[in-house]
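Chain by chain, the residues:
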Protein chains: 2
Amino acid sequence: MRIGELATRTGVTTRLIRYYEQQDLLEADRAANGYRTYTEAHVERVSRVAGLVQAGIPTRLVKILLDAEDAAEREDPTCPREVAQQLATELVGVQARIDCLTRSRDSIRRFLTATQHEVLLREAQEPATAVV
Amino acid sequence: MRIGELATRTGVTTRLIRYYEQQDLLEADRAANGYRTYTEAHVERVSRVAGLVQAGIPTRLVKILLDAEDAAEREDPTCPREVAQQLATELVGVQARIDCLTRSRDSIRRFLTATQHEVLLREAQEPATAVV
DNA sequence: CTAAAGTTTGACACTGGTGTCAATGTCAAG
DNA sequence: CTTGACATTGACACCAGTGTCAAACTTTAG
């Protein structure tokens, strides 16, 4: 699949896909003509990257993070202490964000309920299938 | 309390506190001399704002969000359908962020465990008391 | 063959969140 | 009174993430 299709399937603009690649968050094979070529796996990857960036994780850290995940996938359980330390640090940041967002989510829910708008809650629940 | 103390207590720079105020996320009384004056309640408020912004919520939305919370605090269960709709929309965005971050958090944990760095996990757990 | 759609790279530009500096004012301590 | 610490406003500047546009090439459809 080429970049256009990847873009429509992920909802991420081609501009950003290229940007992420430039930031080393993505790798793409090239066809003979120079066009970028992607596999199914890239779909999830791109969504994931975009999600993290949107969640306030700077690309620099997204890379560290996903690199670790990639390493975990393989039978490659090695990891220099330094990197591990960095990940641990990042972990607390991530957890802090989660806590903060969770709190907000809950209060939005409570508020909508308290104001007789529960209907909207149910509507908001369904699209969860699209979330990656 | 004045802005300096608020800054050290929240870990948010005075620059940002002023910025948040300018973005209508904060209100501050003024002393006779023009100095901003804050109460204990502001400490949490500022932490919260900073947390949300760091979690990728643009200030414009943070305002909507916290305004709703404030409204919920009071006996003011009214809310125009339009605002409710906007909140519902925001809700799915927040949930998406949470899901994405949660996933990363879990994979970091798994990874650290798999590479014999569980120690770091415990260290990362404790500072959770400081999280707002 | 030609036109339309998609791709490539590269550049310019904007926005939002921050840092930093400057000039001025306030206040508490020596 | 002077000094030093902290405030105020306002400006300039930076970075990261994005949008957008241009010029050139490829592929597909007609």
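Above this note sits the structure.
Residues numbered from 1 in each chain as written. Chains lettered and ligands numbered in written order. Predicted model: local features only at pLDDT ≥ 70, side-chain atom pairs only at ≥ 80, totals over all residues.

Asker: Help me get a handle on the protein's contact with DNA strand D, residues and values and all.
Answerer: Around DNA strand D sit 19 residues, and of these A:Arg15, A:Asn33, A:Thr59, B:Gly4 and B:Arg36 come closest. The set of elements that each furnish at least two residues to the surface near DNA strand D consists of α2 (14-22) and α3 (40-54) of chain A together with α1 (3-10) and α2 (14-22) of chain B. Looking at side-chain class alone, the surface near DNA strand D contains six nonpolar, eight polar and five charged residues. (Near = placed C-beta within 6 Å. Helix = DSSP H or I, 4+ residues; strand = E, 2+ residues; numbered from the N terminus. Nonpolar A, V, L, I, M, F, W, Y, C, P; charged D, E, K, R; others polar.)

Asker: So what's going on with the environment of A:Ala84? Which residues, and what values?
Answerer: Mapped onto the fold, A:Ala84 is located in helix α5 (residues 81-114). According to the C-beta neighbour criterion, A:Ala84 is buried, with 20 such atoms within 10 Å. Expressed as a C-alpha distance, the spacing of A:Ala84 and A:Val53, which sit 31 residues apart in the sequence, is 21 Å. The residues touching A:Ala84, leaving out its near neighbours within four places in the chain, are A:Cys79, B:Leu112, B:Thr115, B:His117 and B:Leu120. (Buried ≥ 20, exposed ≤ 12 C-beta atoms within 10 Å, placed from the backbone. Contact = placed C-beta atoms within 7 Å.)

Asker: Give a description of the packing of α5(A) against helix α5 (residues 81-114) of chain B that names residues and reports values.
Answerer: Relative to each other, α5(A) and α5(B) sit at 155 degrees, their axes nearing to 8 Å. With respect to their mutual orientation, α5(A) and α5(B) come out roughly antiparallel. Read as a crossing pair, α5(A) and α5(B) show a hand that is left-handed. Tallied by class, the residues present in the contact of α5(A) with α5(B) amount to 20 nonpolar, six polar and six charged. (Axes fitted to C-alpha atoms, helices over the stretch in contact; angles between N-to-C directions. Parallel < 35°, antiparallel > 145°, perpendicular 65-115°, else oblique. Left-handed = near helix turned anticlockwise from the far one by under 90°.)

Asker: Could you give an account of the interface of chain B and chain A, with specific residues and numbers?
Answerer: At the junction of the two partners, chain B supplies 45 residues and chain A supplies 44 residues. If you list the elements that add at least two residues to the side of chain B that touches chain A, you get α3 (40-54), α4 (59-73), α5 and α6 (118-125) of chain B. Broken down by element, the residue count for the side of chain B that touches chain A peaks at 24 residues, all from α5(B). Partitioned by chemical class, the residues of the side of chain B that touches chain A number 27 nonpolar, eleven polar and seven charged.

Asker: Describe α5(B), with residues and values.
Answerer: For α5(B), built from 34 residues, the straight-helix expectation of 50 Å at 1.5 Å per residue is met to within 8% by its first-to-last C-alpha distance of 49 Å. Positioned one or two residues after α5(B), B:Gln116 has a phi angle of 60 degrees, which is positive. (Expected span 1.5 Å × (residues − 1).)

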